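Listed below are the residues making up each chain.
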Amino acid sequence: MKISVIGTGYVGLVTGACFAKLGHQVTCVDLDEHKLHQINDGKSPIYEEGLDEILTTYHHNIRATSDTESAIQVTEMTFLCVGTPSHDDGSIDLSSVKKATEHMARALHKKSSWHLVIVKSTVIPGTSQNIVLPLLEKHSGKKAGKDFGVAMNPEFLKEGVAIQDFLKPDRIVIGYYDEKSRDMLRQLYTPFSCPIVETSLSAAEMIKYASNAFLATKISFINEIGNLCKNLNIDTYAVAEGMGFDKRIGRAFLDSGIGWGGSCFPKDIDALIAWAKQMKEPVRIIENAKTVNTDQPLRLVKILQKHIPKLKGKTIGVLGLAFKPDTDDIRESRAIPIVKELLRNGARIKAYDPQAMENFKTLFPTIEYCHSASDVLSADAILITTKWKEFMMLNYQGKIVIDGRRLEQAKNATIYEGVCW
Ligand SMILES: NC(=O)c1ccc[n+]([C@@H]2O[C@H](COP(=O)([O-])OP(=O)(O)OC[C@H]3O[C@@H](n4cnc5c(N)ncnc54)[C@H](O)[C@@H]3O)[C@@H](O)[C@H]2O)c1
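The rules behind these values
Residues numbered from 1 in each chain as written. Predicted model: local features only at pLDDT ≥ 70, side-chain atom pairs only at ≥ 80, totals over all residues. Heavy atoms only, no water. Buried < 20%, exposed > 50% of the residue type's maximum accessible area, 1.4 Å probe, protein only. Helix = DSSP H or I, 4+ residues; strand = E, 2+ residues; numbered from the N terminus. Pairing = 2+ DSSP bridges. Right-handed = clockwise from strand over helix to strand, strands pointing away. Axes fitted to C-alpha atoms, helices over the stretch in contact; angles between N-to-C directions. Parallel < 35°, antiparallel > 145°, perpendicular 65-115°, else oblique. Left-handed = near helix turned anticlockwise from the far one by under 90°. Contact = heavy atoms within 4.5 Å. Phe/Tyr/Trp six-rings, centres within 6.5 Å; stacked < 30°, edge-to-face > 60°. Lys NZ or Arg CZ within 6 Å of the ring centre and 35° of its normal. Near = heavy atom within 4 Å. Polar contact = N/O pair within 3.5 Å; in protein donor to acceptor, adjacent residues only side chain to side chain. Areas by Shrake-Rupley, 256 points an atom, 1.4 Å probe, with all protein chains shown as cover. Nonpolar A, V, L, I, M, F, W, Y, C, P; charged D, E, K, R; others polar.

Asker: Please clarify how the pairing of strand β10 (residues 348–352) should be interpreted in this entry.
Answerer: Residues in a regular strand point their side chains to alternate faces of the sheet. In terms of residue burial, β10 counts as a mostly covered element, since 4 of its 5 residues are buried. Relative to β10, strand β9 (residues 315–319) is paired through 5 bridges, and the arrangement is parallel. Each bridged residue has a counterpart across the sheet, and for L319 the counterpart in β10 is Y352. Considered for its hand, the β-α-β crossover made up of β9, helix α13 (residues 335–344) and β10 is right-handed. Relative to strand β11 (residues 368–369), β10 runs parallel, the two sharing 2 bridges. Within β11, the position partnered with K350 by the bridge is E368. The parallel pair β10 and β11, bridged by helix α14 (residues 357–363), forms a crossover whose chirality is right-handed.

Okay, here's the thing in structure tokens:
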């Protein structure tokens with residue numbers, strides 16, 4: 001099939017690359033010329049395992065442009081994958097979605113054949129039906145369900161294993177306005193062997209929010225259990241294992257630590273809370289999951305202060321700046337509030353991350369960035385904030401280590417404490 005993707009960030013680029021790998025002709029659209037050049041040169045603008053290889057190998061199936069109109073003209077369907085960040089009050093900022101939709105609609109106006117528009121960005125329930133669809137009709141002068149189709153296909157990939165998640169998902173959700181759109185997506189996803197859930201546009205949008213909110217709550221839940229366990233000298237990970245064998249619970253997302261970050265959970269949870277408030281149906285469990293997550297990273301610094309009460313003038317090593325391993329993404333990384341708190345207490349910081357230092361420098365240009373993980377070990381104490389594999393190779397003997405991510409190897413430190421175990 002001929003597919004266009006608008007917005008080539010983590011989701012859009014992975015979507016485009018994977019469909020190119022599956023043999024489709026893909027046109028990627030973005031406003032960022034630098035990204036477009038990189039993609040056309042077969043290089044990924046983001047660090048994601050396997051992406052460079054796909055872009056090089058399937059170069060003939062993928063091209064990048066800033067021209068939405070030509071992309072719509074030469075393709076049969078368009079995935080809308082632009083960012084949906086938060087406003088200051090936490091509510092969803094749909095400005096990119098609206099702008100990209102208007103561009104698409106103007107292009108549809110000039111197109112004679114039927115076209116399918118698929119919202120893949122995470123959007124508050126009702127957005128595809130009540131915002132995207134009317135904007136498409138208004139600026140194209142055409143009728144949804146007759147001249148063009150509308151669908152909503154949320155994305156569940158995880159950064160770091162995005163290619164694998166995209167190609168082998170647990171499920172695919174197809175929200176559709178009209179049957180022709182549903183049938184076209186069914187056909188597109190034929191090679192995928194997972195269950196396919198077909199539903200309304202708004203239910204598809206809600207499935208994405210409910211899934212993220214549930215997973216974030218599961219992590220905050222085990223972190224609170226962990227905080228309790230730590231007081232009682234109980235091994236939280238043994239508790240997680242014991243709980244995880246229960247099929248109703250499952251072991252995934254029961255790794256207690258310093259909490260969740262990233263480009264999705266924090267902003268999606270904020271958007272859900274703000275939307276629920278607007279609907280006068282507060283989501284109290286989710287609000288509290290957020291509160292737990294705000295407090296959790298600061299516990300790492302409090303534990304550090306048990307061993308080094310005055311941080312002023314001390315050098316603290318921070319191992320890991322990305323919000324999780326195998327990505328360079330630092331959005332809402334738990335290392336951010338930790339570094340802020342250390343600086344507020346007058347500590348000097350030596351930090352290292354295998355991929356995320358350049359991104360972190362944009363937020364904290366003046367802290368010291370090390371050339372290797374072992375350089376961090378000369379600090380007065382070390383905090384482990386991201387579970388990168390290479391941190392497992394270090395020798396922590398003779399060190400003070402406060403661990404936010406349960407790195408077994410760090411337990412041989414002279415002084416070792418886990419954040420909630
Ligand atoms: N990152 C993830 O792990 C993930 C997972 C699932 C769902 N999502 C959702 O997918 C959506 C995209 O997320 P992301 O992380 O890929 O975002 P991103 O910020 O990495 O990328 C968005 C891209 O859209 C481009 N863009 C913005 N406005 C545009 C326009 N009018 N025309 C063309 N391009 C435009 C930007 O330049 C950028 O390259 C969000 O709604 C997000 O919540 C993200």
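From this point, the narrative continues.
Asker: Hey, could you run me through the packing of helix α9 (residues 201–232) against helix α11 (residues 265–278) in this one?
Answerer: The description of two packed helices rests on the angle between their axes and on the distance between the axes. Remark: α9 packs on α11, axes separated minimally by 10 Å, with the N-to-C direction vectors making an angle of 110 degrees. In terms of orientation, α9 lies roughly perpendicular with respect to α11. Handedness of the α9/α11 crossing: left-handed. Each of M206, K208, Y209, N212, A213, L215, A216 and I219 in α9 lies in contact with α11, whose residues at this interface are F265, D268, I269, A271, L272 and W275.

Asker: So what exactly am I meant to see when it comes to the packing of aromatic side chains here?
Answerer: With the rule as written, the count across this model stands at 10 aromatic pairs. Between Y352 and F391, the ring centres sit 6.3 Å apart and the planes meet at 65 degrees, which makes this aromatic pair edge-to-face. Of this pair, Y352 sits in strand β10 while F391 sits in the loop between β12 (381–384) and β13 (400–403); the two residues are 39 residues apart in sequence, bridging distant segments of the chain. Aromatic rings pair up to connect F19, F79, F166, Y189 and F192 into one cluster. Directly above the aromatic system of F156 lies the positively charged group of R171, at a separation of 3.6 Å from the ring centroid. A cation sits over an aromatic face here: K361 above Y369, 5.4 Å from the ring centre.

Asker: Just checking my understanding: could you explain the site of the ligand for this structure?
Answerer: Residues in close proximity to the ligand total 26 residues, the closest being D30, K35, T84, E159 and K267. In the model, an oxygen atom of the ligand is placed 2.6 Å from a nitrogen or oxygen of the K267 side chain. Look at the ligand: alone it shows 830 Å² of surface, and the protein chains cover 89% of it. Put simply, the parts of the chain that give the shell around the ligand at least two residues each are α1 (10–21) and α5 (95–109). Of the residues in the shell around the ligand, the class split is 10 nonpolar, 9 polar and 7 charged.

Asker: Looking at this structure, how should I read the environment of S200?
Answerer: Within the secondary structure, S200 is located in the loop between β8 (196–199) and α9. If we skip the residues at most four places from it in the chain, S200 touches G175 and Y176.

Asker: I'm lost on the packing of α9 against helix α10 (residues 236–244) in this one. Help?
Answerer: Two elements in contact, α9 and α10, have axes separated by 9 Å at closest approach and are oriented at 135 degrees. Judged by the inter-axis angle, α9 sits oblique to α10. When you trace α9 past α10, the crossing you get is right-handed. Where α9 approaches α10, its residues F221, I222, I225, G226 and C229 are matched on the opposing element by T236, V239 and M243. Each residue belonging to the contact of α9 with α10 can be placed in one class, and the counts come to 6 nonpolar, 2 polar and no charged.

Asker: Explain the environment of R284 here, please?
Answerer: Its place among the elements puts R284 in helix α12 (residues 284–307). Considered as a pair, R284 and I273 are 11 residues apart in the sequence and their alpha carbons are 8.6 Å apart.

Asker: Is there a simple way to think about the sheet that holds β9 in this case?
Answerer: Each strand in a sheet pairs with another by means of backbone hydrogen bonds, the pair being arranged parallel or else antiparallel. Strand order across the open sheet formed by 6 strands is β11-β10-β9-β12-β13-β14, with parallel pairing between neighbours. The open sheet has two edge strands with one neighbour each: β11 and β14 (415–418). Across the sheet, α12 is in contact with β9, β12, β13 and β14; its angle to β13 comes to roughly 155 degrees.

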